[in-house]
Amino acid sequence: MSDAIDLPARVRESLAASFDDARAAVRVGDAEAALEHVETASRVLGHKVPPSPLKEKLKHGVAAVERTAADEPLVASEYLRLMSQLVRP
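Description of the structure in this document. (Residues numbered from 1 in each chain as written. Predicted model: local features only at pLDDT ≥ 70, side-chain atom pairs only at ≥ 80, totals over all residues. Heavy atoms only, no water.)

## Details of the side chain of S18
(1) Moving on: Positionally, S18 belongs in helix α1 (residues 9-27).
(2) Moving on: For S18, a relative accessible area of 7% translates into the label buried.
(3) Moving on: Leave out the neighbours within four places in its chain, and S18 touches H37, T40 and A41. (Helix = DSSP H or I, 4+ residues; strand = E, 2+ residues; numbered from the N terminus. Buried < 20%, exposed > 50% of the residue type's maximum accessible area, 1.4 Å probe, protein only. Contact = heavy atoms within 4.5 Å.)

## Some details on the nonpolar core
(1) Moving on: Ranked by internal contacts, the top residues of the largest apolar core, which has 25 residues, are L15, F19, L58, V65, L80 and M83.
(2) Moving on: In contact with V65, not counting residues within four places along its chain, are L35, V38, A76, Y79, L80 and M83. (Core = buried A, V, L, I, M, F, W, Y, C linked by side-chain atoms within 4.5 Å.)

## With respect to the pattern of salt bridges
(1) Moving on: Evaluation of the coordinates by the stated rule reveals four salt bridges.
(2) Moving on: Between E39 and R43 there is a salt bridge, with its nearest N and O atoms 3.5 Å apart. Residue E39 and its partner R43 are both found in helix α2 (residues 31-48); the two are separated by four residues, about one turn of the helix.
(3) Moving on: The class of R43 is partly exposed, set by a relative accessible area of 43%.
(4) Moving on: Between E78 and R81 there is a salt bridge whose closest N-O contact spans 2.4 Å. Remark: R81 and E78 occur in helix α4 (residues 73-87); sequence separation between them is three residues, near one turn of the helix.
(5) Moving on: The partly exposed category is assigned to E78, whose relative accessible area is 33%. (Salt bridge = Lys/Arg side-chain N within 4 Å of Asp/Glu carboxyl O.)

This is the structure we're talking about:
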């Protein structure tokens, strides 16, 4: 079971939507839009997710997407897919 179950449903839904939207953008080559969605997720992560292993995993994934969205979209897409799975119960 994921630690995402401990997060309020609205937080999980917001993070999942941001990661899913970012993934859709990166898959069509729109790194700028993907990074905007990742920034939204990062703000939610910073304000709504308490310190936990889940938060650390998501922070790592966000940083990886920021590094790879423009030049390695397949890598970024996979990080986003996995982060979306992590926040779903």
